[in-house]
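# Topology and contacts: notes
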Amino acid sequence: MAPLIYSALIISLGLGTTMTFASTHWYLAWMGIEINTLAIIPLMAQNHIPRAIEATTKYFFVQATASATLLFAGISNAFLTGQWDITYTPYTLTSTLITLALAMKIGLAPLHSWMPEVMQGLNLLTGLILSTWQKLAPLYLIYQIQPNNPNIFIALGLMSIIVGGWGGFNQVQLRKILAYSSIAHLGWMILILSFSPPLALLTIIIYILMTFSLFSSFMLTRTTHINSLSTTWAKIPILTISTPLILLSLGGLPPLTGFMPKWMILQELTKQSLCPLATMAALSSLFSLYFYLRLSYAMTLTMPPNNPAGTLPWRLNPQHNTLPLALTTTSTICLLPMTPAIMSLMPF
């Protein structure tokens, strides 16, 4: 892809999300999401291989369905209330339709089935954009509507945590595992959104940090299959240490950064007298922890293959800028001691 076209598409991605963030009108917010969708489609199809084209087609149809539903719900809300204000959705039917349309856009269970298949057909960089940046605008709109009855958020969140963990079992393709990981983490965000929006924001920020670190590690080693993880030591030996720690942080194990949002979410749910819900969420997250441990085991404890003949890979100069990876990996591993300072800064 030509650099000028690539730059225009990246700028359009940023423009669409910014337009949605700045909107108080349903039609402008919908336009921002559509700009976002239309900008990422050429990035998905840039490899010109059948799997990428198939993934792009699936993504287009799903996003078109969700966008049509969102526009219909917004028009219905404007017809019933007489105004296009995003924050004013007093009718249960329209707010439920909007929530489900946005849930389909970001891949929340039970509207998640497109996400693993689409991720499998993309390269890692486009998959990173799909897993992080493309979630921001719909999550912002979900935060804005917030129906009076939080049961729909609780149901979507709990189902996403269960499906995201259960679906990662027996997967060998890393992009599918990352897709199910994204679904599970979105479940934690939606679960707490109606009770503590600042905590949901903290969860999103930490999720983006961890996901960026993991995708960057896999891009650096060009790894897309679980069997390829055992050769990481021969390419970049330091990643054999850092990547398992990133995976365990995604799983929410202390003393890593990923433990912070889950710990605080469970604490908030307990304060809201929702102990059974907190228990179910904590037990369901064990499914996700299993496949993170499986990846860590495949990376560190399996027998490495024989050295290939020729120049050893670690003696070559790296061709990628590793500073962002170093910064985000440090944040992914070491931020847990900063929890008291973060809690004092955010209005929980």
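Residues numbered from 1 in each chain as written. Predicted model: local features only at pLDDT ≥ 70, side-chain atom pairs only at ≥ 80, totals over all residues. Heavy atoms only, no water.

## A closer look at the packing of helix H13 (residues 259-271) against helix H14 (residues 275-300)
Applied cut-off: All axes here are fitted lines through C-alpha atoms, helices being fitted over the stretch that makes contact, and every angle between N-to-C directions spans 0 to 180 degrees. A run of H or I in DSSP becomes a helix once it reaches four residues, and a run of E becomes a strand once it reaches two; helices and strands are each numbered from the N terminus. What sets the label is the angle itself: under 35 degrees gives roughly parallel, over 145 gives roughly antiparallel, 65 to 115 gives roughly perpendicular, and the rest give oblique. By definition, turning the near helix anticlockwise from the far helix through less than a right angle yields a left-handed crossing, and turning it clockwise yields a right-handed one. Any two residues having at least one pair of non-hydrogen atoms within 4.5 Å are treated as being in contact.
At a minimum axis separation of 8 Å, H13 and H14 run at an interaxial angle of 155°. As judged from the angle between their axes, H13 and H14 are roughly antiparallel. Note on packing geometry: the crossing formed by H13 with H14 is left-handed. Counting all contacts with H13, which are made through Lys262, Leu266, Leu269 and Thr270, the residues of H14 involved are Cys275, Leu277, Ala278, Ala282 and Ser285.

## A short note on the UniProt feature "transmembrane region" (unreviewed entry) in the chain
Counted only if it meets this: UniProt positions are given in the numbering used here, feature names are shortened, and annotations may be inferred rather than shown by experiment.
Following the UniProt record, the feature "transmembrane region" (unreviewed entry) maps to residues 57-79, 91-111, 123-145, 151-170, 177-195, 201-221, 233-253 and 273-293 here. As annotated, residues 177-195 comprises 89% helix and 0% strand, and the C-alpha atoms at either end are separated by 29 Å. The span residues 233-253 is 76% helix and 0% strand, and its two end C-alpha atoms sit 24 Å from each other.

## Some thoughts on the pattern of salt bridges
The line we're drawing: Salt bridge, as used here: a side-chain nitrogen of Lys or Arg that lies within 4 Å of a carboxyl oxygen of Asp or Glu. Relative accessible area decides the class of each residue, using a 1.4 Å probe on protein chains only: under 20% of the type maximum gives buried, over 50% gives exposed, and in between gives partly exposed.
Following the criterion strictly, the structure yields two salt bridges and no others. Linking Glu54 and Lys58 is a salt bridge whose minimum nitrogen-to-oxygen distance equals 3.0 Å. Within this pair, Glu54 and its partner Lys58 are both found in helix H3 (residues 50-81), separated by four residues, close to a single helical turn. On the accessibility criterion, Glu54 (44% relative accessible area) is partly exposed. Residue classification places Lys58 among the partly exposed residues on the basis of a relative accessible area of 31%. Put simply, Glu117 and Lys176 hold a salt bridge, and the shortest N to O gap is 3.5 Å. Placement of the pair is Glu117 in helix H5 (residues 114-120) and Lys176 in helix H9 (residues 174-193), with a sequence separation of 59 residues. The exposure class of Lys176 is buried, given its relative accessible area of 18%.

## Points about the domain arrangement of the chain
This is how the line gets drawn: Reported domain spans reflect what an automatic or database domain assignment gives. By buried area we mean how much accessible surface two parts lose on assembly, using a 1.4 Å probe and totalling the loss over both. The term polar contact refers here to a pair of N or O atoms within 3.5 Å; inside protein, the definition further demands a hydrogen-donor-capable atom paired with an acceptor-capable atom, and it admits residues adjacent in sequence only when both atoms are side-chain atoms. Gly is put with the polar residues, along with every residue not named as nonpolar or charged; the nonpolar set is Ala, Val, Leu, Ile, Met, Phe, Trp, Tyr, Cys and Pro, and the charged set is Asp, Glu, Lys and Arg.
Considered domain by domain, the chain is made up of domain 1 (1-131) and domain 2 (149-305 + 321-342). Of note, the centres of domain 1 and domain 2, computed from C-alpha atoms alone, are 23 Å apart. Each side of the interface is counted separately: domain 1 has 21 residues, and domain 2 has 25 residues. Summed over both sides, the interface of domain 1 with domain 2 buries roughly 2100 Å², with 78% coming from carbon and sulfur. Summed over the shared surface of domain 1 and domain 2, the result is one salt bridge. Joining domain 1 to domain 2, the criterion identifies four residue pairs in polar contact (both at pLDDT 80 or more). Of all the secondary structure elements, the ones that give two or more residues to the side of domain 1 that touches domain 2 are helix H4 (92-106), H5 and helix H6 (124-131). Of the residues that constitute the side of domain 1 that touches domain 2, the class distribution is 13 nonpolar, seven polar and one charged.

## Let's talk about the side chain of Thr126
Counting through the fold element by element, Thr126 comes out in helix H6. Overall, Thr126 belongs to the buried group, its relative accessible area being 3%. The residues touching Thr126, leaving out its near neighbours within four places in the chain, are Ile40, Leu43, Met44 and Gln46.

## A short note on the side chain of Thr221
Relative to the elements of secondary structure, Thr221 occurs in helix H10 (residues 197-221). Exposure remark for Thr221: the relative accessible area of 4% places this residue in the buried category. Looking at Thr221, its side chain comes within polar contact range of the main-chain oxygen of Ser217, at 3.1 Å. There is a polar contact of 2.7 Å between the side chain of Thr221 and the side chain of Thr223. Beyond its immediate chain neighbours, meaning those up to four positions away, Thr221 contacts Thr232, Lys235, Ile236 and Leu239.

## Some words on a nonpolar patch on the surface
Note the following rule: Exposure above 30% relative accessible area and the absence of a salt bridge qualify a residue for a patch, where like charges join within 9 Å and nonpolar side chains (Val, Leu, Ile, Met, Phe, Trp, Tyr) within 5 Å. Per-residue and other accessible areas were derived by the Shrake-Rupley procedure at a 1.4 Å probe size, with only the shown protein chains allowed to occlude residues.
Taken together, the side chains of Tyr27, Leu28, Met31, Ile75 and Trp84 present a nonpolar region at the surface, about 420 Å² in accessible area. No other element matches helix H2 (residues 26-44), which puts three residues into the nonpolar patch. The residue Met31 is located in helix H2 in this model. Exposure remark for Met31: the relative accessible area of 30% places this residue in the partly exposed category.

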